[in-house]
Amino acid sequence: MFSSSLLLVTALAGVHSFAFASAAEAPIITPAPSPTIVKRQGVAGGSGTPILSTLHYAYTDLPYQVYPFQVLRGPQFGFNQCNSTTLGQNSNCQTLVFNGPDDFCLWGSPDTNGLIGNVEAKVVAWCTKPYHGTRLIPPGAITGLQWTKTSGYIQAVGFINNTGIGLDPTDSGGELDPHGADLQGNPLGGVVYSNGTTDSDGHTLTQVFNWNTFVGGNQFCFKACYNSVSSPDYCENRYDLVGCSYNMPSAAKDGEFTECDGDVQEVVGLYTSNGQTLTWSMPDPLTTTPPYTPVIPASSNCKTFQSTDLFLAAPTSSGASASAATGKAGASSSKSGNSAAASTTGTTSSAAPAIRVPFAGFLSVGLFAVLGGALVL
C-alpha cells in the first residue's frame, strides 16, 4: 500500500462512472440457460455449490458464466466469455486480465456511483487496453503505478481516480479475492488470467488461481500469485482491514510510472521483535494498529515510463481505434498520508514495454478508517 491509512473496508458513498460507449454499443449476449436450483448451503462446497477457486478453465474454453448456480449469493451477475462484441462501457465482463504494466485490468463497479461494499459480488473488469471485451479505464485516471515482478507473484500498486472504475469519489474501498466468507468469491464468478506469470509461456493467458486486491480511496493494489508457488501464501486474504500497506507494501508514488524486479515481501502478519518471529492475527473489528511496520521489499532493474507509454485511451464509438492517454486526470488523487519510504533503483528508460496482445481476435481495434460499511472478504 502506499499509505498506512489506505483502503480499509469502509464502503459507503457514490460516484460518476465514465461512459464512452453509447447504449447502442452495449454487449449483446445470449443469456445463460437457467441452472437447476439446489438446496442453499452456508458455505460453497456442498452438493451443487462448487468453491469458486477450484473452477479451472483454459482461457479459450471459458463457459458463458463460471458460476451460474442459484445458491447462496448466486447466480453470477456478469459473464466470462468476453471479446470484441462485449467491449464497451456497458460490458459486464467478469474475466480480468493482468499481464503487465501496459496491459492490466482492475475490478470496478458496474453501477454509476458504485460502493464497493454494495457491489463486491458483481464488480466487473475495467482494463487499460481495448483487447479483452471489457470496460475501459479512461485516459488519465491512473496517475501513478509501480509494477513489480518477483519469484512468487506479479503485483501492481498505484493511484487512480475512483471514478475511473465506476466508484464513488468518497468510497474508501475494500478487498476482493476468489474466496470470500462463503467461498463463492468476490466477485462471484470472477476469474483472473495472465501471460505475465511464470506459469505462462509469456503469450498464453493462464488462469491465476490465487490473487487478491484492494481498490478505493483513489488507490489500488493487485497481486497475482504463481500457481507453482503454494507456500508461503503471498496472496493471503485474511488481513483485509489493513489495506495495501501491509498486504502489498511498495514504493509506488503518485505521478510516477515504474516497472521493477523485486524481492518477495515478508509474509503478512509475521514480524520480528527482540529477535523472535511473531505472528499478528487481525482482530475484527480492528481497534488498534498492527504492532509492526511493513517492510517495503527491495527492487531493482526499474524502468520509468510516461503514462502515455503505457495506456491507450478508450476506443472510439466503432471500437476500432484509440488515442493517447493524457497522463493526469482532471481531479487530483488524494495524497493524505501517502508514503513512499523507499525509492526505486535501477536504470531509467522512456521506451514503452512491448504491448501484450493475448488473443488476436479481440483486437477490434491504514491507520484504519473502518467507520462503517460491509466487510469485504
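This text follows the structure it describes.
The following paragraphs examine the structure supplied in this document. (Residues numbered from 1 in each chain as written. Predicted model: local features only at pLDDT ≥ 70, side-chain atom pairs only at ≥ 80, totals over all residues. Heavy atoms only, no water.)

Notes on unusual backbone geometry
Of note, the amide linkage connecting G74 to P75 takes the cis form, showing an omega dihedral of 5 degrees. Tracing the chain through its elements places P75 in the segment before strand 1 (95–100). The peptide bond linking D284 to P285 adopts the cis configuration, its omega dihedral lying at 10 degrees. With respect to the element layout, P285 can be found in the loop between strand 14 (276–279) and strand 15 (299–305). In this structure, N274 takes a positive phi of about 55 degrees despite not being glycine. Its place among the elements puts N274 in the loop between strand 13 (270–273) and strand 14. For N274, a relative accessible area of 79% gives the class exposed. (Helix = DSSP H or I, 4+ residues; strand = E, 2+ residues; numbered from the N terminus. Buried < 20%, exposed > 50% of the residue type's maximum accessible area, 1.4 Å probe, protein only.)

Observations regarding the sheet that holds strand 4 (residues 135–136)
Either a parallel or an antiparallel arrangement is found when strands of a sheet pair, and the pairing is made through backbone hydrogen bonds. Spatially, the six strands line up as an open sheet ordered 4-3-2-1-8-9, and their pairing is mixed. Where the open sheet ends on each side, the last strands, each with one partner, are strand 4 and strand 9 (206–208). Examined bridge by bridge, strand 8 (residues 191–194) and strand 9 share three bridges and lie antiparallel to one another. Looking at strand 9, one finds that V192 is bridged to V208. (Pairing = 2+ DSSP bridges.)

Concerning the side chain of T213
Take T213: it is sitting in strand 10 (residues 210–216). In this structure the side chain of T213 is engaged in a polar contact, spanning 2.7 Å, whose partner is the backbone oxygen of C221. Every residue in contact with T213, bar those within four places of it in the chain, is listed here: W107, G174, E175, L176, C221, F222 and M248. (Polar contact = N/O pair within 3.5 Å; in protein donor to acceptor, adjacent residues only side chain to side chain. Contact = heavy atoms within 4.5 Å.)

Some thoughts on the sheet that holds strand 6 (residues 153–160)
Reading across the sheet, the seven strands line up as 7-10-11-6-5-12-15 and stay open at both edges, with mixed pairing between neighbours. Single-partner strands in this sheet number two, and they are strand 7 (174–176) and strand 15. Pairwise comparison of adjacent strand axes, ignoring direction, gives a mean angle of 15 degrees for this sheet. (Axes fitted to C-alpha atoms, helices over the stretch in contact; angles between N-to-C directions.)

Section: the packing of aromatic side chains
Evaluated as defined, the whole model comprises 16 aromatic pairs. Ring geometry for F98 versus W147: centroids 4.6 Å apart, planes at 35 degrees, classification tilted. Linking F98 in strand 1 with W147 in strand 5 (residues 142–149), this pair joins segments that are 49 residues apart in sequence. Grouping residues by exposure puts F98 and W147 together as buried. An aromatic cluster is present here, built from F98, F104, W107, W147, W211, F220, F222, F257 and F311 joined pairwise through their rings. Its end group placed over the ring of F77, K122 keeps NZ or CZ at 5.1 Å from the ring centre. We note K223 situated over the ring of Y153; from NZ or CZ to the ring centre the distance is 4.8 Å. (Phe/Tyr/Trp six-rings, centres within 6.5 Å; stacked < 30°, edge-to-face > 60°. Lys NZ or Arg CZ within 6 Å of the ring centre and 35° of its normal.)

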